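Given next are the chains, with one letter for each unit.
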Amino acid sequence: MNPCATNPPDATPHVRERRARLIERISGSRLDGVLLTDPREIAYFTASSPGTPPQVPACLLIRVSGESILLCGDSSNKHSVDHVLTYPWQNGGTIPTELLPKLIDIAVPRLRLTGARIGIQRESICSQLLSSFSVGAFEPIDRIVFDLERSKDSLDLFRIQQAIQANLAAFAAVSEAITPGANELEVFAAGSRGAMLKAGENVVHDGDYRCGAPGGPCRNRAINSGEIYTIDAWTQVAGYWSDLARAFPVGTPSDEQLQLIHHVQGIHARIRPILRPGISGNDIWSAMDAALREHPSISGLIHHGGHGIGLRLHEAPDINPGITDTLRPGDVICIEPGAYRSDANVRIEETYLITNDGAECLSSGTAA
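Residues numbered from 1 in each chain as written. Predicted model: local features only at pLDDT ≥ 70, side-chain atom pairs only at ≥ 80, totals over all residues. Heavy atoms only, no water.

## Let's talk about the sheet that holds strand S5 (residues 117–120)
Then, number 1: Here six strands make up an open sheet; going across it, the order is S4-S3-S2-S1-S5-S6 and the pairing mixed. Of all the strands in the sheet, the pair left with one neighbour each is strand S4 (83–87) and strand S6 (137–140). Across the sheet, the mean angle from the axis of one strand to that of its neighbour is 20 degrees, orientation sign disregarded.
Then, number 2: The pairing of strand S1 (residues 33–36) with strand S2 (residues 59–63) spans four bridges and is classified as antiparallel. Note that in S2 the partner of Leu 36 across the bridge is Leu 60.
Then, number 3: Across the sheet, helix H2 (residues 39–46) touches S1, S2 and strand S3 (68–73), and the angle it forms with S2 is around 50 degrees.
Then, number 4: Its contacts with the sheet place helix H3 (residues 100–111) against S1, S2, S3 and S4, and it is angled at close to 145 degrees to S4. (Pairing = 2+ DSSP bridges. Helix = DSSP H or I, 4+ residues; strand = E, 2+ residues; numbered from the N terminus. Axes fitted to C-alpha atoms, helices over the stretch in contact; angles between N-to-C directions. Contact = heavy atoms within 4.5 Å.)

Right, dumping it as structure tokens:
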């Protein structure tokens, strides 16, 4: 896996391998196939980019034979599947309010699922769609799908790295915008612009942009000299997320503030050696908490220590007390130590790829 590749890998073999792994996971369940309806999973298993608005319904059938059939609104997009069936989703630019019947009219006779045993995404399946097929039985397979998506392949890593680079560009832009008297809205706008220009396309960019506070959205408020502006930014590019945090002093920071920033930065050097397959979310959190407590004014970690990331902003594994789930090779995780006082709120978040014997930092950045 090469997360720093400059050209995207060929998607077709990746999605074929993903579908094969899914079929292998359900092979002992007597299912005849899987019906996926969440746009994120449809993209994951077909390598299709959004060609229609998100409210346009679609579904993907993956039979245990390996056959894949995608039903979606007609567009010019290419999809790495065996068959694509489309329906008209607009009329002269107007999107009708009821599109599901159009999908069903095509899906029922072409998919032939009467009496079949089908795996479904319980969190996204529409009851009207499911009942229209008259399946013999259905079984939720959400956990299987999420578990498969934890192991990032080179295509996943390329997309995640795109999102990370856009996020880092947002931080570069806000570092120029953060001056005493600047408005939080202006800083947020600078970050959004920086992320979009780096990605070279329209992206989703948001996060904690509230100055002098542990978190929260930006306000119509001027930032003040002496504050610490901690930004926890989330950027989505081509369906994949990045989540990073940096701490920026406004004006000249005090020695105590700088010491706190450097202490939180140093947590990453302390934690990275233990990020390896087999360690639990509980043990990672406890190590971060203990390291933070070494600063005389910090009572420990008051929030989660991080999370997995990919098609969703928060994925497994969870870095929290009591979490026994362990890291695996292929996990991509965000680690976010934070320290909070009346004069400084500091959180610095980096992203790591778990390898067979350790962890590789994908975001390599430092706070101001």
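Continuing now.
## Quick word on the pairing of strand S9 (residues 240–249)
Then, number 1: Of all ten residues in S9, ten are buried, a share of seventy percent or more.
Then, number 2: The alternating pattern of S9 places Tyr 240, Ser 242, Leu 244, Arg 246 and Phe 248 and Trp 241, Asp 243, Ala 245, Ala 247 and Pro 249 on opposite faces, both of which are buried.
Then, number 3: Examined bridge by bridge, strand S8 (residues 228–237) and S9 share ten bridges and lie antiparallel to one another. Paired with Ile 228 across the bridge in S9 is Pro 249.
Then, number 4: With antiparallel pairing between neighbouring strands as the criterion, S8 and S9 make up a hairpin whose turn holds two residues, including Ala 238 at a positive phi of roughly 50 degrees. (Buried < 20%, exposed > 50% of the residue type's maximum accessible area, 1.4 Å probe, protein only.)

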